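Descriptive analysis of the structure
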Amino acid sequence: MLKITLNGDLIELKAACSVTQALHHWGYNPHDIAIAINQIFVSRNDYATTMLQNNDIVDIVAPMQGG
Amino acid sequence: MWNVADKTLKNRLILGTALYPSIEIMKQAIIAAEVDMVTVSLRRQKMNDRGNNYFWDCIKELGCQVLPNTAGCRTAKEAITTALMAREIFNTNWIKLEVIGDDHTLQPDPFELVIATKELISQGFEVLPYCTEDLILCQRLVEHGCNVLMPWGAPIGSGQGLCNPFALKTLRQRFPDLTLIIDAGIGTPSHAIAGIEMGYDGIILNSAVALADAPITMAKAFNLAIKAGRYAYEAGAIPARELAKPSTPLLDTPFWHQETTND
């Protein structure tokens, strides 16, 4: 069981998984978002090989209005 | 047409996309302003919003070039990470680099800004820094490779116009060939005109249009004002004088140099 902070909310993952698997589980389209884990950017090219760790802090962002 | 780094834009106005009463009004304001570049941002994607981003669909439909910002960042590290995420999502190496140092004025943190600028340029970004009008800070940013500087006119959203015209003029004089854009603080079209007449290459604004009573009409007003200001700059204004100078030639007007007699 992994405890992950996703966009500020504490959630649990039943098993260790890659970013690709986690995004699929959470229902995100990887082409519309970008990710930082523990405030470090993770490129789309690295999703498959990046494994989430217990207590990771994951930020998933998308385009939004801005000035 | 004007050049900003490696891009050519038609309009010297760059419009923000936030704070409009609705996405539809934002779209109409962008069309009314005739801008070809808009600023955008990144925010956490809520679980229940995933796969549904009407805003982004609208921007893509309008076909504008986008200038992502790092709004909300308070350290160089946050800004660098945000810029990297923006590059991947928006598929552009341009970044409107904002590193805020004070919550009340939203004044840029010059020290963190320079650190972030140096790192992002080393990673291939075209950094457009939101900065103060401080000459030495601007010199440092240029030394690190900035092709564009974006000093504030006044605090973001304040609508106060150009609070320090002396320093803004000094920047224009000290960087005659650099692209200079006034970013933030503009409240009215006359503020924008003042900046453009001063020789600034462009204006970025958001609140002045989005929060106007009639945003679409205000977008048109800014579009026209900035075009007028640029014409005025290119035409060359007359120097201000202390005393009057008649506009109508006096030579050979009736009674010219005629002695009056009281016989």
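Concerning the pairing of strand β6 (residues 94-97) of chain B
All names here are of chain B.
- Here β6 shows two buried faces, one formed by Trp94 and Lys96 and the other by Ile95 and Leu97.
- Sheet topology places β6 next to strand β7 (residues 126-131); 4 bridges connect them, and they run parallel. Looking at the pairing, lysine 96 lines up with leucine 128 of β7.
- In the classification by handedness, the crossover that spans β6, the intervening helix α4 (residues 110-122) and the parallel β7 is right-handed.

Observations concerning the pattern of salt bridges
All names here are of chain B.
- Evaluation of the coordinates by the stated rule reveals 10 salt bridges over all chains.
- Linking lysine 27 and glutamate 61 is a salt bridge whose minimum nitrogen-to-oxygen distance equals 3.6 Å. Taken together, the residues span a long stretch of sequence, with lysine 27 in helix α1 (residues 23-33) and glutamate 61 in helix α2 (residues 54-62) at a distance of 34 residues.
- Since its relative accessible area comes to 12%, lysine 27 is described here as buried.
- The class of glutamate 61 is exposed, set by a relative accessible area of 61%.
- Salt-bridge contacts for lysine 60 lead to aspartate 57; the nearest nitrogen and oxygen are separated by 3.9 Å. Here aspartate 57 and lysine 60 lie together in helix α2, a separation of 3 residues that amounts to about one turn.
- Taking the relative accessible area as the measure of exposure, aspartate 57 reaches 40% and is therefore partly exposed.

As for the packing of α1(B) against α2(B)
Residue and element names in this part refer to chain B.
- Running from N to C, α1 and α2 point in directions that differ by 20°, and their axes come no closer than 11 Å. Relative to α2, the element α1 is oriented roughly parallel. When you trace α1 past α2, the crossing you get is right-handed. Between α1 and α2, the residues in contact are Ile23, Glu24, Met26, Lys27, Ile30 and Ile31 and Tyr54, Phe55, Cys58, Ile59, Glu61 and Leu62, respectively.
- A class-by-class count of the residues in the contact of α1 with α2 yields 9 nonpolar, no polar and 3 charged.

Cut-offs applied
- Residues numbered from 1 in each chain as written.
- Chains lettered and ligands numbered in written order.
- Predicted model: local features only at pLDDT ≥ 70, side-chain atom pairs only at ≥ 80, totals over all residues.
- Heavy atoms only, no water.
- Buried < 20%, exposed > 50% of the residue type's maximum accessible area, 1.4 Å probe, protein only.
- Helix = DSSP H or I, 4+ residues; strand = E, 2+ residues; numbered from the N terminus.
- Pairing = 2+ DSSP bridges.
- Right-handed = clockwise from strand over helix to strand, strands pointing away.
- Salt bridge = Lys/Arg side-chain N within 4 Å of Asp/Glu carboxyl O.
- Axes fitted to C-alpha atoms, helices over the stretch in contact; angles between N-to-C directions.
- Parallel < 35°, antiparallel > 145°, perpendicular 65-115°, else oblique.
- Left-handed = near helix turned anticlockwise from the far one by under 90°.
- Contact = heavy atoms within 4.5 Å.
- Nonpolar A, V, L, I, M, F, W, Y, C, P; charged D, E, K, R; others polar.

These results come straight from atomic positions and should not be treated as a statement about function.
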